[in-house]
Structures are given as structure tokens and as C-alpha cells.
Amino acid sequence: MGCDGGTIPKRHELVKGPRKVEKVDKNAELVARWYYCALSQEKLRRPIVACELGRLYNKDAIIEFLLDKSADKTPMEAASHIKSIKNVTELNLADNPAWSGDKESIKGDKYDDIQSARFICPVVGLEMNGRHRFCFLRNCGCVFSERALKEIKSEVCHKCGVPFQEEDVIILNGNKEDVEVLKKRMEDRRLKSKSEKVIFLYIV
């Protein structure tokens, strides 16, 4: 008769609860990163842009953030590295034919099924739901799964044919190590751009 001294609870019965909570938290985090704007926390909607660190935003949220010149403007960690609209790239996303989330009427608070995603990889068909690694090309904005770029090696975009180099590939919502690499590339790129401007002004 459950914990009345007559029985001893088994270990798996004691830890079942916390494991379930942990899974819910992980799913909620995936939904937040892949379905919602990192700045406004509103649902992602076209036009969608990504920064040099691989975060996803609604373009209108970035424009409003950049136009806000008020002295009491709240510092936003999610966009503190974005100084101009040139620091983000508008994404060229491939629609998922199986997606119906925006068409269905959902009552109450409910997470969209994270197994189903609004966008897919146009090359291998993987869904962009956080279960697979995705990236975009900085010079054209086309989005692919990392698997597609590794399996079908090319020096031009699979979708639009624009040439690209390894440093043009930016992982979307990457892990801590990915972000560190992207941050270093971003800083080097901006330093190089600044140096080129100084040289140009000196020549002129």
C-alpha cells in the first residue's frame, strides 16, 4: 500500500517525475529558438533574417530595434551585436509541403508539434525543427541542412548557384562552440572591413 511501511519504492519510480520535466523544458527551448524571434519573442514570420551568430529574427523587429534611438532604450543581449541592417541576412527558406500549423485553429496554449516544421532543407528534405543542424550562406541567404552541405560538396549554392567559401556558412542556433567560432569570424570580418575603409579614406 504505497510507502506505508509495507513496501519500498523502486528507484525508477522516484526519478520518473524529474525526467519528464526535463524533456518538456528541452522541447520548450527548441520551440523558442526555432519558432520564435530571438528579439521580440513573437512567432517567426517572413521576412525572416539571421545574424552572424546564427540567431533567427523577424526582420521588422530588427528594423524597429535599430530605429529606436531613445536614451532609455533597453539593452537587448539578443541583438547587442547588430549595429545595422547589414549585420543580418534575409533568409531564403524552403517551405515544407506537409506543414499546416499556420492554417489550423489551435485553442488554448499549445506548443506546435516540434517534429513538424514550417521549413525544410531543399536538398535532402530534413525538417528545420531543431532536431537537425541547419545553416545558411551569408552571401545569398539560402538555408540548408548541414548534412546536405557535407554530403553534396560544392563551391556554389545548391539552390541559387552563388559561389561561397567555408567562412560564408553560418550554423543556425548552434551550440556554444559554434557560437564562439562564429563570433570570432564576425569580429575578424568587421575589423577587416574597418581597416579597408581607413585605407580607402587615406587614398582618397
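- Looking at an unreviewed UniProt entry, one finds the chain named Replication termination factor 2, with Accipiter nisus as its source organism.
- Reading the Sequence similarities (unreviewed entry) entry of the UniProt record for the chain gives the comment "Belongs to the rtf2 family."

Re the sheet that holds strand E7 (residues 143-145)
Piece 1. Spatially, E7-E6-E8 is the arrangement adopted by the 3 strands of the open sheet, whose pairing is antiparallel. Edge positions in the sheet fall to E7 and strand E8 (169-171), since each of these pairs with one other strand and no more. Between one strand and the next, the sheet's axes are offset by a mean angle of 35°, whatever the strand orientation.

A few points about the packing of aromatic side chains
Piece 1. Inspection of the entire model under this criterion finds 1 aromatic pair.
Piece 2. Geometrically, the ring pair formed by tyrosine 35 and tryptophan 99 is tilted, given 6.5 Å between the ring centres and 40° between the ring planes. Separated by 64 residues along the polypeptide, tyrosine 35 in helix H1 (residues 11-35) and tryptophan 99 in the loop between strand E4 (94-95) and strand E5 (119-120) bring together distant segments of the chain. With respect to burial, tyrosine 35 and tryptophan 99 carry one shared label: buried.

Quick word on the state of the cysteines
Any covalent bond linking the sulfur atoms of two cysteines counts as a disulfide.
Piece 1. Counted by the stated rule, this structure contains 0 disulfides.
Piece 2. Not part of a disulfide, cysteine 142 finds its nearest cysteine sulfur in cysteine 157, a span of 3.7 Å.
Piece 3. Using a relative accessible area of 0% as the deciding quantity, one classes cysteine 142 as buried.

Cut-off values and rules
Residues numbered from 1 in each chain as written. Predicted model: local features only at pLDDT ≥ 70, side-chain atom pairs only at ≥ 80, totals over all residues. Heavy atoms only, no water. UniProt positions renumbered as here; feature names shortened; annotations may be inferred. Pairing = 2+ DSSP bridges. Helix = DSSP H or I, 4+ residues; strand = E, 2+ residues; numbered from the N terminus. Axes fitted to C-alpha atoms, helices over the stretch in contact; angles between N-to-C directions. Phe/Tyr/Trp six-rings, centres within 6.5 Å; stacked < 30°, edge-to-face > 60°. Buried < 20%, exposed > 50% of the residue type's maximum accessible area, 1.4 Å probe, protein only. Disulfide = S-S within 2.5 Å.

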